[in-house]
Protein chains: 2
Amino acid sequence: MTELAIGIDGGGTSCRAAVADRSGNVIGRGRSGPANILSDLENSLFNIVESARYALRDARLDAEAISSVVSVVGVAGANVTDYGQRIEKALPFAEGRVVTDALIALQGALGDADGIVGAFGTGSVYNARRDGRLNGIGGWGFVVGDQASGARLGRDLMERSLLAHDQVRPASPMTEAVMAEYGNDPERIVEFAHSARPTDFARYAPVVFEHAAKGDAVAAGIVTDAATAIGESLEALLWSECPSICLLGGLAGAYEPWLSERYRSRLAKPKGDALQGAVELAVKLLNDQQRGAA
Amino acid sequence: MTELAIGIDGGGTSCRAAVADRSGNVIGRGRSGPANILSDLENSLFNIVESARYALRDARLDAEAISSVVSVVGVAGANVTDYGQRIEKALPFAEGRVVTDALIALQGALGDADGIVGAFGTGSVYNARRDGRLNGIGGWGFVVGDQASGARLGRDLMERSLLAHDQVRPASPMTEAVMAEYGNDPERIVEFAHSARPTDFARYAPVVFEHAAKGDAVAAGIVTDAATAIGESLEALLWSECPSICLLGGLAGAYEPWLSERYRSRLAKPKGDALQGAVELAVKLLNDQQRGAA
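Residues numbered from 1 in each chain as written. Chains lettered and ligands numbered in written order. Predicted model: local features only at pLDDT ≥ 70, side-chain atom pairs only at ≥ 80, totals over all residues. Heavy atoms only, no water.

1. Considerations on the overall build of chain A
From N to C terminus, chain A includes 12 helices and nine strands. Principal axes of the C-alpha set define a box for chain A whose edges measure 75 × 40 × 35 Å. In chain A, which comprises 294 residues, the proportion classed as buried is 54%. Taking all contacts inside chain A whose residues are at least 6 apart in sequence as the whole, residues at least 24 apart take part in 62%. Carbon together with sulfur atoms contributes 48% to the accessible area of chain A, which is approximately 13000 Å² in total. The distance from the centre of the 28 positive side-chain charges to the centre of the 37 negative ones in chain A is 4 Å. (Helix = DSSP H or I, 4+ residues; strand = E, 2+ residues; numbered from the N terminus. Buried < 20%, exposed > 50% of the residue type's maximum accessible area, 1.4 Å probe, protein only. Contact = heavy atoms within 4.5 Å. Areas by Shrake-Rupley, 256 points an atom, 1.4 Å probe, with all protein chains shown as cover. Lys, Arg positive; Asp, Glu negative; His and termini not counted. Charge placed at Lys NZ, Arg CZ, Asp CG, Glu CD.)

2. Thoughts on the sheet that holds strand β9 (residues 245–248) of chain B
All names here are of chain B. Pairing is mixed across the open sheet formed by four strands, whose spatial order is β8-β7-β6-β9. One side of each edge strand has no neighbouring strand; the edge strands of this open sheet are β8 (133–138) and β9. In this sheet, adjacent strand axes meet at a mean angle of 15° when their direction is disregarded. Contacts from helix α9 (residues 217–237) reach β6 (115–120), β7 (124–130), β8 and β9 within the one sheet, and its direction differs from that of β7 by about 25°. (Pairing = 2+ DSSP bridges. Axes fitted to C-alpha atoms, helices over the stretch in contact; angles between N-to-C directions.)

3. Points about the packing of aromatic side chains
Two aromatic rings are characterised by how far apart their centres lie and by the angle between their planes. Residues and elements named next belong to chain A. Following the criterion strictly, the structure yields 14 aromatic pairs over all chains and no others. Between phenylalanine 192 and phenylalanine 201, the aromatic rings sit 5.6 Å apart at their centres with planes inclined by 80°, giving edge-to-face as the arrangement. Each member of the pair phenylalanine 192 and phenylalanine 201 is classed as buried. Put simply, the rings of Phe142, Tyr182, Phe192, Phe201 and Tyr204 pair up and form one aromatic cluster. Across from the ring centre of tyrosine 83, 5.1 Å away, lies the NZ or CZ of arginine 86, which sits over that ring. (Phe/Tyr/Trp six-rings, centres within 6.5 Å; stacked < 30°, edge-to-face > 60°. Lys NZ or Arg CZ within 6 Å of the ring centre and 35° of its normal.)

4. With respect to the relation of the copies chain A and chain B
The operation relating chain A to chain B is a screw motion whose rotation component is 180°, with 0.0 Å of axial translation and a residual RMSD of 0.1 Å. Accordingly, the operation relating the two chain copies is best matched by a two-fold axis. Scanning chain A for the C-alpha nearest the rotation axis identifies valine 143 of chain A, at a separation of 4.2 Å. Mapped onto chain B, 100% of the interface residues of chain A are again interface residues, and the two copies thus contact each other with one and the same surface. (Least-squares fit on C-alpha atoms with pLDDT ≥ 70 in both.)

5. Focus on the interface of chain A and chain B
The interface of chain A with chain B comprises 28 residues on the first partner and 28 residues on the second. Summed over both partners, the interface of chain A with chain B comes to about 2500 Å²; 60% of that surface belongs to carbon and sulfur atoms. The interface formed by chain A and chain B contains four salt bridges. Its salt-bridge partner being glutamate 232 of chain B, residue arginine 169 of chain A comes within 2.9 Å of it at the nearest N-O pair. The tally of links between chain A and chain B comes to 10 residue pairs in polar contact (both at pLDDT 80 or more). With seven residues, helix α4 (residues 150–165) of chain A is the single largest residue contributor to the side of chain A that touches chain B. Broken down by class, the residue content of the side of chain A that touches chain B amounts to 14 nonpolar, seven polar and seven charged. (Buried area = accessible area lost by both parts, 1.4 Å probe. Salt bridge = Lys/Arg side-chain N within 4 Å of Asp/Glu carboxyl O. Polar contact = N/O pair within 3.5 Å; in protein donor to acceptor, adjacent residues only side chain to side chain. Nonpolar A, V, L, I, M, F, W, Y, C, P; charged D, E, K, R; others polar.)

6. Re the UniProt feature "domain: ATPase BadF/BadG/BcrA/BcrD type" (unreviewed entry) in chain A
With numbering matched to this structure, UniProt assigns "domain: ATPase BadF/BadG/BcrA/BcrD type" (unreviewed entry) to residues 6–282 of chain A. Between the end C-alpha atoms of residues 6–282 of chain A there is a gap of 6 Å, over a span that is 44% helix and 19% strand. (UniProt positions renumbered as here; feature names shortened; annotations may be inferred.)

7. Some words on the sheet that holds strand β3 (residues 26–32) of chain A
Residues and elements named next belong to chain A. Here we have five strands laid out as an open sheet, ordered β3-β2-β1-β4-β5, and mixed in their pairing. This sheet does not close on itself; its edge strands, each paired only once, are β3 and β5 (95–99). This sheet shows a mean twist of 15° between the axes of neighbouring strands, independent of strand direction. In terms of strand pairing, strand β1 (residues 5–10) meets strand β4 (residues 70–75) through six bridges, oriented parallel. What sits directly across from isoleucine 6, in β4, is serine 71.

8. Considerations on helix α4 (residues 150–165) of chain B
All names here are of chain B. In a regular helix each residue adds 1.5 Å, so 16 residues correspond to 22 Å; α4 covers 23 Å between its end C-alpha atoms and thus fits that length. The buried count for α4 comes to 15 of 16 residues, which makes it a mostly enclosed element. Glutamine 167, located one to two residues past α4, shows a positive phi value of around 60°. (Expected span 1.5 Å × (residues − 1).)

9. Looking at the environment of arginine 22 of chain B
Residue and element names in this part refer to chain B. Along the chain, arginine 22 falls in the loop between β2 (15–20) and β3 (26–32). Residue arginine 22 is classed as partly exposed on the basis of its relative accessible area of 35%. Expressed as a C-alpha distance, the spacing of arginine 22 and asparagine 287, which sit 265 residues apart in the sequence, is 6.8 Å. Leaving out residues up to four positions away in the same chain, arginine 22 has contacts with Glu3, Val283, Leu286, Asn287 and Gln290. A distance of 3.1 Å separates polar atoms of two side chains, one belonging to arginine 22 and the other to asparagine 287.

10. A word on the nonpolar core
By size, the foremost hydrophobic cluster in this structure holds 102 residues, and its most contacted members are Phe201 of chain A together with Phe201 of chain B. Residues within four places of phenylalanine 201 of chain B in sequence aside, it is in contact with Val143 and Val144 of chain A together with Phe142, Gly150, Ala151, Gly154, Arg155, Met158, Phe192, Ala193 and Ala196 of chain B. Formed by 28 residues, the second largest nonpolar core is a distinct cluster that contains Leu4, Ala17, Ala55 and Val69 of chain B. (Core = buried A, V, L, I, M, F, W, Y, C linked by side-chain atoms within 4.5 Å.)

11. Things to note about the side chain of serine 233 of chain A
Residue placement: serine 233 of chain A occurs in helix α9 (residues 217–237). Sequence-distant contacts of serine 233 of chain A, defined by excluding residues within four places in its chain, comprise Tyr126 and Ile137 of chain A together with Val168 of chain B.

12. Describing unusual backbone geometry
Generally, phi is negative for residues other than glycine and the peptide bonds are trans, each holding for most cases. All names here are of chain A. With phi around 50°, aspartate 131 is a residue other than glycine that occupies positive phi space. Even without glycine at this site, glutamine 167 takes up a positive phi of about 60°. One can find glutamine 167 in the loop between α4 and α5 (173–181).

13. Considerations on the domain arrangement of chain A
Residues and elements named next belong to chain A. Taken domain by domain, chain A consists of domain 1 (5–110 + 273–293) and domain 2 (113–270). Between the C-alpha centres of domain 1 and domain 2 there is a distance of 31 Å. Listed per partner, the contact involves seven residues of domain 1 and 14 residues of domain 2. For the pair domain 1 and domain 2, the summed buried surface comes to about 750 Å²; carbon and sulfur atoms form 71% of the total. Summed over the three residues of domain 1 that lose the most area to domain 2, namely Leu106, Ala109 and Leu110, the buried surface amounts to 71% of that side. Summed over the shared surface of domain 1 and domain 2, the result is zero salt bridges. (Domains from an automatic or database assignment.)

Here is the structure:
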């Protein structure tokens, strides 16, 4: 057993790792390919381990050190059936613990404190830690969930543009810009929408926020609906002594001015990112172990 | 040239044909496989012609009669680029005209009168004839349109059930029944939703109406939203002298009590179905031609 801890943020576009000493000082970093454990367990495992190897090399440590470190890996899907355990068994570390991406994001944002974290990117999801206990809601995907996600904002934009084209709902500079982009042909919007992945819809989220900021009524309506949905989800998690709410993800800053004062008054800047959270949890695990061994 | 007209309702599940004399008396009927011209032009053409052959046989007419009849074929997609013309050119009739499914449905429901037709099945679409001119809106599919469709009702049901599961919105007997159907496992609902076709979601539309009739608050909310959407679309088409509004499709009767009095007061029973509309148009075409030839 060395004195080293590795935190790994296993993401859908890349895995990032950082190796730290038992005080939490990061001495090396690594990055590799993506981890999507539910759709490709084998390559995900490879990339998780590869990111750790790169971090050790960056810290000028022997490759063999990998078998003596303690690691915490955060990855989406870790709580689905036995996926997390299957990865834990296959990891080459002295001890490797696999947790959800939500937990490392929450640890990174809040440290050891209680609070609520809402993440707004292509999807939307909420996690709370209250008296040390975790509770997560949302994140069900844009077809039947993720009401405040970039994907839903983009899908709403397309729907309102078609309603404006049909003169069912009022048009606006934004809906006219969208129709113009598709040659004023609703069939082309329908064609896009029926093959669009969440990320394709989410590309339009910044467009919605830009128009909303300029006072476009349709854009403001879409963002207001999404902000109301955020409020409903925060309300489901909030308790009176909740010390802080952190907004994460690419759309966090854009949503902030649209939230009601009830939630804005509790907003706090995240302390760190998800990788930082994974490192903190790994260092904790290392210190717990050494106390156990003493 | 015979004295016969054939009307064909080329639908996504089957083609139906009826052969009539120049007074519109139906003397034979036929049915064949589906017509989905945008996805399978060749088989659609085959089935359209096959339904006509069956109708002629049913009327105890020679197979050769097909080359001397006048026909009107109503089929979805007839107005998309040159699909309608391509079918017209390939038909074996003395004269064959290809029109949209919307037009034959409107003709069947309204006859030659002005009015508005709203169709509510797996999708939702509206057509008006005002001073003889046609205007259609909606029908853009459930991803970004069809707000009052069975598919949207079912999708909304799944979304509200997940929100109730997360305690973000109130639960109801209906949302609890849906969660129970999926073993109280939100992941299973998400799995269903991400592979569901419009018809899969639409299977739940009767469930929503049943619960709404019993006073289930979530169900009533979903149906009220859809009825509001119907009102908005009707409003976009309505004019003060509009003689009647006809509701068509499997959900027409279920929606009726939920519409506002403004629209309910103008409701009229459809005179006939889409096949009847196709026959009427075919008989008109036959008589116009014979007048032209006289």
